[in-house]
Amino acid sequence: MQADQTVGVVGAGMMGAEIALCFAMAGHRVLLKETCLELAEKGKGRLDNVLERLTKKNRVDAGDKLQILDRIIPVDKYDPFSDAALVVEAVFEDEQVKKRIFHELDTVCPPLCIFATNTSSIPITVLASAVGQARIGRFIGTHFFSPVSLMELVEVIPGLDTDEETIEEVMAVCRQIGKTPIRVKDVTGFAVNRLLHAMWIEANRLLEEGVASVEDIDIACRLGLGHPIGAYALMDLTGNDLNLQVQQILYDAYGERFRPRPVLKQMVNARHLGRKTGRGWFRYKPF
Ligand SMILES: NC(=O)c1ccc[n+]([C@@H]2O[C@H](COP(=O)([O-])OP(=O)(O)OC[C@H]3O[C@@H](n4cnc5c(N)ncnc54)[C@H](O)[C@@H]3O)[C@@H](O)[C@H]2O)c1
């Protein structure tokens, strides 16, 4: 894909807005689509702060900020997607909503436009069934990580009918925007969530058995395993409600080894969800 080709991003929430930013930083014109123009503009508006942080980390030149933001065009309709070379969908994790969007996009986008979904838990092959046979080989999963502007990994997940050429094109696009793609099969949790939740469930077992405290498990992760952040600090960032939901999905798919631990259920029942509620495994100052 050429750097000047148009990319469409559907959903300007936590993931979509920063996905749009990554493409804009690599030179692409990006259409950022939301349910209304106000939300699309709000999503773009949040990128000011993100760019500020990236500038401080020397990842973006201060002088390039305006030019990058100018490449992102908030929209509330699909008509401008008629010249998109790639669309990345990042709306709510709802199968029917995502399918409706892909069905509509299929009627507007050029025949060779690649459709990518950022779903965390819905099988790619299920979402691919929303497009016609002519597009199905161009449908793929691209699982970005939060915060997208900082996290380098993208899991690239072909569905059952994804063409080999599409996989190679998407791996190349990921590299072009500065990410490192890995190819992963279309299984529940893909690769990273299986690794992560296996560790978190074991951390909760250690806690329940009184083997080590929350604080000490986090120290073990950072100083013994070289992780940049402790298991519990990360759980508080992602939110215990979402963590429990993902473990339930993994449990349904793989059985006993992913059964969520009672201690996590208790945290969710108590609304100790993490940073967003001011209390999780740790306490936080109110925003
Ligand atoms: N949050 C994470 O850490 C994370 C990580 C990897 C993948 N994901 C996946 O990314 C996707 C988005 O997650 P998020 O955390 O950004 O959600 P979010 O709730 O922050 O944003 C979703 C956005 O989609 C918009 N939307 C809904 N319907 C739409 C439509 N028809 N057209 C355009 N926009 C529409 C909503 O208005 C909202 O702004 C989900 O599939 C999620 O599973 C999330």
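Before any of the text, the structure's been laid out above.
Every value quoted in this text rests on a predicted model; they were computed, and no experiment measured them.

**Student:** Got a minute to help me understand the overall build of the chain in this structure?
**Tutor:** When you go through the chain residue by residue, the secondary structure sums to twelve helices and eight strands. Taking 287 residues into account, the globule formula puts the C-alpha radius of gyration at 19 Å, and the chain, at 20 Å, falls close to it. By its C-alpha atoms, the chain is 60 × 45 × 35 Å across when sized along the principal axes. Sorting the 287 residues of the chain into buried and exposed places 47% on the buried side. In the chain, 67% of the contacts between residues at least 6 apart in sequence involve partners at least 24 apart. Element-wise, carbon and sulfur atoms account for 54% of the exposed surface of the chain, whose accessible area totals about 14300 Å².

**Student:** Would you mind showing me how to read the environment of Pro-158 here?
**Tutor:** Tracing the backbone shows Pro-158 in strand β7 (residues 153–158). Residues Pro-158 and Leu-105, spaced 53 residues apart in sequence, show a C-alpha to C-alpha distance of 19 Å. When sequence neighbours within four positions are dropped, the list of residues in contact with Pro-158 reads Ile-140, Ile-167, Arg-183, Val-184 and Asp-186.

**Student:** I would appreciate a short explanation of helix α12 (residues 262–269) in the present structure.
**Tutor:** Helical geometry: 3.6 residues make up each α-helical turn, so side chains three or four residues apart lie on a common side. Listed as buried for α12 are Val-263, Leu-264, Met-267 and Val-268. Along the axis of α12, the buried residues cluster in a sector spanning 140°; they form a single face. Residues of α12 that are exposed and point over 90 degrees away from its buried face: Gln-266 and Asn-269. Next to the buried residues of α12 lie α8 (192–208) and α11 (240–254).

**Student:** Is there a simple way to think about the pairing of strand β6 (residues 139–144) in this case?
**Tutor:** A large share of β6 lies buried, amounting to six of its six residues. Here β6 shows two buried faces, one formed by Phe-139, Gly-141 and His-143 and the other by Ile-140, Thr-142 and Phe-144. Pairing of strand β5 (residues 114–117) with β6, which is carried by three bridges, proceeds in the parallel orientation. Counterpart to Thr-117 in the pairing with β6 is Gly-141. The pairing of β6 with β7 spans five bridges and is classified as antiparallel. Within β7, the position partnered with Gly-141 by the bridge is Ile-157.

**Student:** In this structure, what is going on with the site of the ligand? I would like to understand it.
**Tutor:** The local shell around the ligand holds 22 residues, among which Met-15, Glu-34, Glu-93, Lys-98 and Ser-120 are the closest. One of the side-chain nitrogen or oxygen atoms of Lys-33 is found 3.3 Å away from a nitrogen atom of the ligand. Ser-120 has a polar side-chain atom sitting 2.8 Å from an oxygen atom of the ligand. Considered on its own, the ligand offers 840 Å² of accessible surface; in the complex 78% of this is hidden by protein. Those elements that place two or more of their residues in the shell around the ligand are α1 (14–25), α5 (95–108) and β6. When grouped by side-chain class, the residues that make up the shell around the ligand number ten nonpolar, eight polar and four charged.

Calculation criteria
- Residues numbered from 1 in each chain as written.
- Predicted model: local features only at pLDDT ≥ 70, side-chain atom pairs only at ≥ 80, totals over all residues.
- Heavy atoms only, no water.
- Helix = DSSP H or I, 4+ residues; strand = E, 2+ residues; numbered from the N terminus.
- Rg over C-alpha atoms; globule rule 2.2 N^0.38 Å.
- Buried < 20%, exposed > 50% of the residue type's maximum accessible area, 1.4 Å probe, protein only.
- Contact = heavy atoms within 4.5 Å.
- Areas by Shrake-Rupley, 256 points an atom, 1.4 Å probe, with all protein chains shown as cover.
- Arc of directions from axis to C-beta.
- Pairing = 2+ DSSP bridges.
- Near = heavy atom within 4 Å.
- Polar contact = N/O pair within 3.5 Å; in protein donor to acceptor, adjacent residues only side chain to side chain.
- Nonpolar A, V, L, I, M, F, W, Y, C, P; charged D, E, K, R; others polar.

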